[in-house]
Amino acid sequence: MKKTFTISLGHSVFNVEEDAYDILKMYLDSIKNYFQKMENDSEIISDFELRIAENFSSKLSSGKQYINLSDVKEVIQIMGSLDDFQEIYDDDDQTEDVKEEKKENNKLYRDSSNRIIAGVCSGIAEYFKIDPIIVRILFFIAVPLNLIVYIIFWIGIPSKDFDPDLRKILYRDKENGVIGGVAKGLSNYLKIDANIIRVVFVISLFFGGAGLLFYLLLWFFTKEAKTIGEKMNMSGFNVNLSNIEDFIKKKTKNLNNSENTLTKIFLFPFRLIAPLINAFLKIGVLIFKTIFFIFSSILIVSYSILLLIFSRILFEDISRVEDPEFYELLNAIPEYFVIFSIIFLILTISISVVISFYVLFKKKINTYLFMLMIFLWIAFFILITVSIPNVILIIQDLDLLPFWISGFENNSYYYK
Amino acid sequence: MSTENFKIQIRKGLLEFCVLQIVSNKEVYASEIIEELKNSKIIVVEGTVYPLLSRLKKSNYIQHNWKESTQGPPRKYYSITDYGLEHLRELIVSWSDINSSVKKLLKTKK
């Protein structure tokens, strides 16, 4: 049994099996890419699709109502791969274009096509031709420094759209992996033997475990390669017919290729703990989500209460409060400080709501709006922090200090 | 230059000429053009024809219109323009020039 996709291609509708769909999509994307660069003409692509549709309909009959992998392969063979087109259409003017593009890529840009905040990490990844995930995680680890660097880069670097399809993507290769397929995925990506990466990870355990953190982060942030397309993409294959065949051949070869004894011995303990770690991780993610949920709800509730109190101070006459000292204390607090605090709290609440929505339901809001909120939050945080000493001075003048501050005062007095 | 490369270069040079020639005879749709080119072994894969057709259309040598077909979706039929015919005549002249001189060369070698 195979899943099929329904696609519309050249004014017709086809049912295409999943693996065939992957290949077909990659093929059409690669063609689109190629011709868009060349002639900037969508007509070529629609002609292509029309012809492929013709081919497909000739393959369907009442006995066979779907398109399978071999149909797609045959069509690709008939239509030709990128190499065939390059032979015919690589004119002089086009090579110049390619050169220019290469030159452009030597500059650092922010990648506006693949971004989470402002595309800084993705742009750096594009510059070094590596997966953005790796840069993001490095940024994530280097916490205090990265914020400054990020903001500087954000301001200083122009943004640009990159084609995400031209990039090799880091996936986890669970099929061939031991625990989460991270090492194997990295090895596919970097073209290094997986065992070397595994050894590096294990050795890093004895030096503070930075590798473990890196491993877990990669595990959290990367996707598992599931479709043939993703599996090919993870090894940096370009899509054309010969490559698809190479890939499938290699895969079957790999299955026959058994590991040597040393590798088996080395991997044995990890295979043993793999299910355990897998289970722990699943629970861990669950716990993490729960804690996050509880934490953010508590945060929201407590902030709301605070907000209520503050609004009472601001809008209500609190002369009825029985405790005159408290009343005086409250009145002494300058109004600007109260306003700052209220705005700050509103911002905090909305930011945490937005973040919790993102973490729990994967719902994003406009990035610029979010960044604006963060910036305002930081600004008001600084304003409040700056005005706190002033407020304390005012309260001190009242001689109505809470005991812990007056205790401090007494001490300093004592020292005099 | 290998034989394969030689063939590619020749084909590359002649492709436009051949397509214009085919289109000039009658109104044809893309698959017919491809069929004929394949039969005469000018092209190996079909995909190479489409960018060429679009290029020819951009330079106003050919035009197309949609026609309903008895089976399946409507098809795009290509026909040559007056400007294209003029261009084709020039091409034919230069082709026969080249052809005769190459033939002459081959004969003298024998």
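Scroll up to find the structure this text is about.
So, a few notes on the structure that sits alongside this text. (Residues numbered from 1 in each chain as written. Chains lettered and ligands numbered in written order. Predicted model: local features only at pLDDT ≥ 70, side-chain atom pairs only at ≥ 80, totals over all residues. Heavy atoms only, no water.)

### Remarks on the overall build of chain A
Helices and strands together make up the secondary structure of chain A, namely 18 helices and 6 strands. For chain A, the proportion of its 416 residues judged to be buried stands at 39%. By sequence separation, contacts in chain A at least 24 residues apart represent 64% of the contacts at least 6 residues apart. (Helix = DSSP H or I, 4+ residues; strand = E, 2+ residues; numbered from the N terminus. Buried < 20%, exposed > 50% of the residue type's maximum accessible area, 1.4 Å probe, protein only. Contact = heavy atoms within 4.5 Å.)

### A closer look at the packing of helix α1 (residues 3–25) of chain B against helix α2 (residues 30–39) of chain B
Residue and element names in this part refer to chain B. In the contact formed by α1 and α2, the axes pass within 10 Å of each other and the chain directions differ by 125°. Between α1 and α2, the angle is such that the two are oblique. Taken as a pair, α1 and α2 cross one another with a handedness that is right-handed. Only Ile33, Glu36 and Leu37 of α2 make contact with α1, whose side of the interface consists of Leu15, Cys18, Val19, Ile22 and Val23. Its residues placed into classes, the contact of α1 with α2 shows 7 nonpolar, no polar and 1 charged. (Axes fitted to C-alpha atoms, helices over the stretch in contact; angles between N-to-C directions. Parallel < 35°, antiparallel > 145°, perpendicular 65-115°, else oblique. Left-handed = near helix turned anticlockwise from the far one by under 90°. Nonpolar A, V, L, I, M, F, W, Y, C, P; charged D, E, K, R; others polar.)

### Thoughts on the interface of chain A and chain B
Each partner contributes residues to the interface: chain A has 26 residues there, and chain B has 26 residues. Summing both partners gives a buried area of about 2200 Å² for chain A against chain B, and 53% of it is carried by carbon and sulfur. Taken together, the links from chain A to chain B amount to 2 salt bridges. Across the salt bridge formed by Glu46(B) and Arg51(A), the nearest N and O atoms sit 2.6 Å from each other. At the junction of chain A and chain B, the tally comes to 6 residue pairs in polar contact (both at pLDDT 80 or more). Listed by contribution, the elements that provide at least two residues to the side of chain A that touches chain B are α1 (18–38), α2 (42–59), α3 (69–79) and α4 (82–89) of chain A. In terms of residue count, α2(A) provides more of the side of chain A that touches chain B than any other element does, 8 residues in total. For the side of chain A that touches chain B, the residue count by class is 10 nonpolar, 6 polar and 10 charged. (Buried area = accessible area lost by both parts, 1.4 Å probe. Salt bridge = Lys/Arg side-chain N within 4 Å of Asp/Glu carboxyl O. Polar contact = N/O pair within 3.5 Å; in protein donor to acceptor, adjacent residues only side chain to side chain.)

### Considerations on the environment of Phe56(A)
Residue and element names in this part refer to chain A. By secondary structure assignment, the location of Phe56 is in helix α2. Along the sequence, Phe56 and Ser12 sit 44 residues apart, while their C-alpha atoms lie 9.7 Å from each other. In this view, Phe56 contacts Leu9, Phe14, Leu24, Ile67, Asp71, Val72 and Val75; residues no more than four positions away in its chain are not counted.

### Details of the packing of α1(B) against helix α3 (residues 49–58) of chain B
All names here are of chain B. In the contact formed by α1 and α3, the axes pass within 11 Å of each other and the chain directions differ by 70°. Considered as vectors, α1 and α3 are oriented roughly perpendicular to each other. Taken together, the residues of α3 that come into contact with α1 (itself represented by Leu15, Glu16, Val19 and Leu20) are Leu52, Leu53 and Leu56. In the contact of α1 with α3, the residues fall into 6 nonpolar, no polar and 1 charged.

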